Amino acid sequence: MSALGTLVRRFSHRRWFARTVRFVVPADRLIGRLTRGRVVALGIAPSLIITTTGRRSGQPRSNPLLFVRDGDAYVVIASNWGQTQHPAWSLNLLADPTATITLDGARRPVRAAMAQGAERERLWQLLRNEWPAYETYVERAGGRDIRIFRLTPDGPATAA
């Protein structure tokens, strides 16, 4: 891990970090789009861009997310930096579980399933190992059940 990655992980537990980084997300979206998913989250952590269908608008909505691999699937968490409300992208996945991820210059259709029970606990450990601050985000979320989604490839990858 880079020195920057180590530093960011250390500060990621702080409230000011979560408030500040939310303002960086629009720039991260732009960088991810311009690099076709090759650079997301400034390369600090394994990240992808998920594109969901807006549950009200029907329009595509893209968000950069940290992920971990689980076999051929991708696992993402709707932590929303520990805020008390769910992020919109997770509500979109519940309304329509089909999505597209962009990673390393390739777009791939996926199907999302919200993890539950023992699978959720197993995936939670994978996510926590990658980004320990998720534990802090759970505490800050005010009792909100933070959703974990397993994204299973649903077709071949294409160039982004």
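Structural data are supplied above this passage.
Residues numbered from 1 in each chain as written. Predicted model: local features only at pLDDT ≥ 70, side-chain atom pairs only at ≥ 80, totals over all residues. Heavy atoms only, no water.

S.K.: Hey, could you go over the pattern of salt bridges for me, with residue numbers and the actual values?
M.R.: Counted according to the given criterion, the structure contains five salt bridges. Salt-bridge contacts for Glu 119 lead to Arg 150; the nearest nitrogen and oxygen are separated by 3.9 Å. Of this pair, Glu 119 sits in helix α5 (residues 117–130) while Arg 150 is found in strand β7 (residues 148–153), placing the two residues 31 residues apart along the sequence. With a closest N to O distance of 2.9 Å, Arg 128 and Glu 135 form a salt bridge. One network of salt bridges, with partners in common, ties together Asp 70, Glu 119, Arg 122 and Arg 150. (Salt bridge = Lys/Arg side-chain N within 4 Å of Asp/Glu carboxyl O. Helix = DSSP H or I, 4+ residues; strand = E, 2+ residues; numbered from the N terminus.)

S.K.: Describe the pairing of strand β5 (residues 98–103), with residues and values.
M.R.: Within β5, five of the six residues are buried, which leaves it mostly tucked inside the rest of the structure. Two elements, strand β1 (residues 47–53) and β5, share three bridges in a ladder whose sense is antiparallel. In the strand pairing of β5, Ile 49 is matched with Thr 102. Strand direction decides the pairing type here: β5 and strand β6 (residues 106–114), joined by six bridges, are antiparallel. If you follow Thr 100 over to β6, its bridge partner there is Pro 109. What sits between the antiparallel neighbours β5 and β6 is a turn of two residues, in which Asp 104 has the positive phi angle 50 degrees. (Buried < 20%, exposed > 50% of the residue type's maximum accessible area, 1.4 Å probe, protein only. Pairing = 2+ DSSP bridges.)

S.K.: Explain the pairing of β1 residue by residue, including any values.
M.R.: The two faces of a sheet get side chains in turn, since along a regular strand they alternate between them. Within β1, six of the seven residues are buried, which leaves it mostly tucked inside the rest of the structure. Bridge count between β1 and strand β2 (residues 60–66): seven bridges; the pairing is antiparallel. Residue pairing across strands places Ile 50 opposite Asn 63, the latter belonging to β2. With antiparallel pairing between neighbouring strands as the criterion, β1 and β2 make up a hairpin whose turn holds six residues, including Gly 58 at a positive phi of roughly 75 degrees.

S.K.: Pulling in residues and values, what's your account of α5?
M.R.: The end-to-end C-alpha separation of α5 is 20 Å, in line with the 20 Å expected for 14 residues at 1.5 Å each. Turning to α5, its buried residues number three or more, namely Arg 120, Leu 123, Trp 124 and Leu 127. In an axial view of α5, the angular spread of the buried residues amounts to 115 degrees, which keeps them on one side of the axis. With respect to the buried face of α5, the exposed residues turned more than 90 degrees away are Ala 118 and Asn 129. Looking at the buried residues of α5, the elements they touch are β3 (68–70), β4 (73–77), α6 (134–140) and β7. (Expected span 1.5 Å × (residues − 1). Arc of directions from axis to C-beta. Contact = heavy atoms within 4.5 Å.)

S.K.: Requested: an account of unusual backbone geometry, with residues and values cited.
M.R.: Excluding glycine, residues mostly have negative phi values, and the peptide bonds linking residues are mostly trans. If you check the backbone angles, Asn 80 has positive phi at about 55 degrees while not being a glycine. Of note, Asn 80 is situated in the loop between β4 and α4 (88–95). The phi dihedral of Asp 104 is positive, around 50 degrees, even though this residue is not glycine. One can find Asp 104 in the loop between β5 and β6.

S.K.: Describe the environment of Leu 93, with residues and values.
M.R.: Residue position: Leu 93 is located in helix α4. The exposure class of Leu 93 is buried, given its relative accessible area of 2%. Note: C-alpha distance between Leu 93 and Thr 51 (42 residues apart in sequence) is 9.7 Å. Once residues within four sequence positions are removed from consideration, Leu 93 is found in contact with Ile 50, Thr 52, Ala 99, Ala 112, Phe 149 and Leu 151.

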